[in-house]
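Each chain, written out:
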Amino acid sequence: MGTIRANPIHLNKYHRSRFKKLLLIAMLLVSVTAGYAWSEKTPAIEYQVKASYIYNFLQFVEWPPEAVAGGTIIVCVLGEDRFGAALQAISGETVRGQKIAVRHFKGTEGLDACHAVFVSASELAREQSVLQRLDGRPILTIGETSGFTDRGGVINLVRIANNIRFEINQQAAEHNYIKISAQLLQLGLRR
Amino acid sequence: MQPGISGQPWCKRCNCSRKIASGFIKCLLWMLIIPSLSFARDLDIDIKGTSIERLMQVNVTTVSRWEEDLQSSAAAVYVLTRETIHRSHVTSVPEALRLVPGVQVAKVDANKWAVSIRGFNSRASNKLLVLIDGRSVYDPLFTGVLWEARDVTLDEIERIEVVRGPGGTLWGTNAVNGVINIITRHARDTQGVKMSVGAGTEERANAGIRYGWQPGNNIHARVYADGFERDTGFSTAGSHDDSQMARAGFRADWDVSADDRVMFKVDAFDGKFGTGMGDNFQDLEHQGQSFIARWDRDRTDGSQTTLQFWYDRFSFNNVSPDFGEDRDTYDIEAQHAFRAGDVHHIVFGAGYRSTSDDISIDLPPVSIEPESRQDDLYNLFLQDEISLAEHIRLILGVKVERNDYSGTEWQPNARIAWTPNKDSSVWGAISRAVRSPSRLESDIKAQPLLSGNPDFDSEKLLAYEAGYRSRLTENVWMDAAVFYNVYRKLFSIENRVVDNKLRGTTAGVEIAASWQASSAMSCDIAYTYLNMDIKTEADGTDEARAALTEDSDPRHQVVLRGTWTPFNKIEVDALFRYVDELRALDVPSYLTADLGVDWRPRKGLVVSAVAQNLLDSHHPEQSDVPATVPRASSNEVQRGYYLKASWEF
């Protein structure tokens, strides 16, 4: 005659190890599915850091008063946008009384209206022509390709070992009528 | 993950060798649990509340272009980066390869190595191909790699790509069980001066210098030289396996235009390697010089062209008994890849290689006939990567190769990959590969003991593989592969004549997982399972060799590596390895640990203190002699400590 032995308290050794196995498989499944949902939303740490740099730069940079008379600082991303939520986080924030707006551009059309332009690495082929187009306008150009500041860009975010650092081309900044605080200049890499 | 909080207590357990087994399990569990817990979190840093000073210190190590390619490749690929090599504190390439799942690495003595992929390990492992910047260092005399001589200055290396499974279609003959591709650094990345010096109990002394400069617009160059002296291992009979090596080289990279790049490299080495035990010992001398020139064109339309020429001169000399090899190899290869519409990505190429040798053997009754031989090798290959649907790719390829020993060989393969998103992929492959006969197998004469066989055929493999890899979260990555290999016509000796009368199957599982716990801490685990079943053919008689081959590799291997950066200037690294017994060689299983601390007191200066093989005073890893042959002593690996300083400016 069979008695009911389904009481979990009386799990024997065999059942316990099976239970552990099932638990492991369940955890694996949970972690896999959770991982997918998460990784699609979160931008790479590199671009979170770069977004945070851009936000910090805005505090240390002064545009000519007539350029920011509209009360808004327009931050533009030219080319591939790898910031995702990281840059959206600063949209709508205020810096020294100016509201930040984030825009995305595929081409250079209308780029002149921006106050800061992040030139994505995807634009390397036409970087020189973009910089020429923005040359002499009150625009803070920010790049991420080697030699960006040599080509006339104002700030370049460079990868050094595992960190992101930045270099500043002060002549290019002056040329674009942008004043960069001494504190920021000091933190930048020597060019 | 918040830095330090979840990871720290676990990593302390990492350091405790006694709890290693439970540590492995916990490591896996944490890898599985942590990502699901962190699901709710949005961004890793506070975009608006992080200061510039803090941003400058955030570790942003992330996937690069080649890592992206790797993520979607339809093969079992593992990449050792420069960072990983540095932080594991290894002192040679074979030592670094211990970290790779599916690779068997064992020290034969203090300077010689046995390295293989997916089994058949011995000092003369012949089923893998080793390339340094595309130059093969596989020795056709005995079809293997003399690692003590072919080792590369670690500072020169950008990364090491290890492909497990047949790479015959793209890489060529003898890439039966895998390919090890060592890629050296672009001269642009090694500008300025770097000097290093080290000393220790096993790594007795080493020193290196490198200088990089820019001779012209878009041209970068560097020169380097290094040398070392290593101690003997342990042997109750008295060991003589100390070694000395000196290496030097030059590399130049010229970015000719936006599309074209030219690379030019020259290297040379000269080394002396003690061999033998007790009263029976001698020095093995190795010298080599090589030269490579390569032109790459990457067009914006996605087409790529590569033209490459290399020359390699290699000699080894056993002083007594006299046994030496002098070899010159020339190789020219061309390859072109292009997209045909949206569906096809086609790669095709051709190559020619000439190798000539001069072998001297003064050990009657052993001789080789002819003493000098020149061989040609021609190949043609074609591969088409077909996008069947948005996320499904079918890869069909074939390589035809003609060698002077076994004639024309066909190596086809078919692969399929499903990449549902950029972070994960599933793949499967069926391939055929061959290992061509060696010079010795064909031409050795040692009657009445042994006789080579000019009709010895190539060894054949039919391989079935599948794999899954996924970036489970931004911080957790895993890669798993399974394989089933069917071998025919394996090497045997029948009636004292070289023949092809063994066959068999191997099966295995390889799992690698990596967890970046925080910007300051990471954990990597690699597990390898291998089961070999080798038999004689129906008319074969070499049962002893079948039994020896079957049981000369570890069934289980586990590597656990933890890195921790507690302070800005201090890095701590720990490495644990478990290797199962080699039954046919009477080598017991072992567990060992390495520990390294790096201190960076100022920019460019690194001081390292390293302890290797900490858990016992000595242990054997490999043997030249089967367990059935009585032996008085074996060469064993000893515990060692070293200090090293390097300064870059």
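Residues numbered from 1 in each chain as written. Chains lettered and ligands numbered in written order. Predicted model: local features only at pLDDT ≥ 70, side-chain atom pairs only at ≥ 80, totals over all residues. Heavy atoms only, no water.

1. Focus: the overall build of chain B
From N to C terminus, chain B includes 10 helices and 34 strands. Looking at chain B residue by residue over its 649 residues, the buried ones come to 56%. Counting only contacts in chain B whose residues sit at least 6 apart along the sequence, the fraction spanning at least 24 positions is 61%. Accessible surface for chain B amounts to roughly 26700 Å². Of this, 57% is attributable to carbon and sulfur atoms. (Helix = DSSP H or I, 4+ residues; strand = E, 2+ residues; numbered from the N terminus. Buried < 20%, exposed > 50% of the residue type's maximum accessible area, 1.4 Å probe, protein only. Contact = heavy atoms within 4.5 Å. Areas by Shrake-Rupley, 256 points an atom, 1.4 Å probe, with all protein chains shown as cover.)

2. Regarding a negative patch on the surface
Residue and element names in this part refer to chain B. Judged by side-chain charge, D326, D358, E369 and E371 come together as a negatively charged surface patch. For E371, the position within the fold is in the loop between β17 (367-368) and β18 (372-389). Owing to a relative accessible area of 48%, E371 belongs among the partly exposed residues under this scheme. (Patch = residues over 30% accessible without salt bridge, like charges linked within 9 Å, V, L, I, M, F, W, Y side chains within 5 Å. Salt bridge = Lys/Arg side-chain N within 4 Å of Asp/Glu carboxyl O. Lys, Arg positive; Asp, Glu negative; His and termini not counted. Charge placed at Lys NZ, Arg CZ, Asp CG, Glu CD.)

3. Observations concerning the pattern of salt bridges
Residues and elements named next belong to chain B. For the coordinates displayed, the defined rule picks out 61 salt bridges over all chains. As a salt-bridge pair, D443 and R373 come within 3.0 Å of each other at their nearest N and O atoms. Of the two residues, D443 is situated in helix α9 (residues 439-443) and R373 in strand β18; the sequence distance between them amounts to 70 residues. Between K535 and D533 there is a salt bridge, with the nearest N and O atoms lying 3.1 Å from each other. Among the charged side chains, a salt-bridge network with shared partners connects D139, E325, R327, D357, R373, D375, R439 and D443.

4. Section: helix α4 (residues 127-134) of chain A
Residue and element names in this part refer to chain A. For α4, the set of buried residues is E127, V130, L131 and L134. Taken down its axis, α4 places every buried residue within 95 degrees of arc, on the same side. Looking at the buried side of α4, the elements it contacts are β2 (72-78), β5 (116-119) and β6 (140-143). (Arc of directions from axis to C-beta.)

5. A word on the sheet that holds strand β6 (residues 157-164) of chain B
Strand pairing in a sheet takes place through backbone hydrogen bonds and is either antiparallel or parallel in direction. All names here are of chain B. Taken in spatial order, the five strands line up as β1-β6-β7-β4-β5 in an open sheet, and their pairing is mixed. Of all strands in the sheet, those bounded by a partner on one side alone are β1 (76-81) and β5 (135-136). Inspection of the sheet shows strand β4 (residues 128-132) paired to β5 by two bridges, in the antiparallel sense. Looking at β5, one finds that L131 is bridged to S136. (Pairing = 2+ DSSP bridges.)

6. Comments concerning the confidence of the model for chain A
Residues and elements named next belong to chain A. With 76% of its residues at a pLDDT of 70 or more, chain A has an overall mean of 80. Within the model, pLDDT remains below 50 along residues 1-11, and this stretch shows one contact once partners closer than five positions in the same chain are excluded. In the model, residues 29-41 has pLDDT below 50 throughout and makes 24 contacts with residues more than four positions away in sequence or in other chains. (pLDDT = per-residue confidence, 0-100.)

7. Considerations on the nonpolar core
Grouped together as the largest cluster of nonpolar side chains are 46 residues, with contacts concentrated most on Y53, F57, W63, L140, F166 and L184 of chain A together with I52 of chain B. Among the elements that take part in this core, helix α2 (residues 45-60) of chain A stands out by supplying 10 residues, more than any other. (Core = buried A, V, L, I, M, F, W, Y, C linked by side-chain atoms within 4.5 Å.)

8. Quick notes on the packing of aromatic side chains
All names here are of chain B. Within this structure, the stated rule accounts for 19 aromatic pairs over all chains. Seen from their ring centres, F456 and F491 are 6.0 Å apart, and the 70 degrees between their planes marks the pair as edge-to-face. One end of the pair, F456, is in the loop between β23 (450-451) and β24 (459-471); the other, F491, is in strand β25 (residues 476-494), with 35 residues separating them in the sequence. Exposure remark for F491: the relative accessible area of 21% places this residue in the partly exposed category. (Phe/Tyr/Trp six-rings, centres within 6.5 Å; stacked < 30°, edge-to-face > 60°.)

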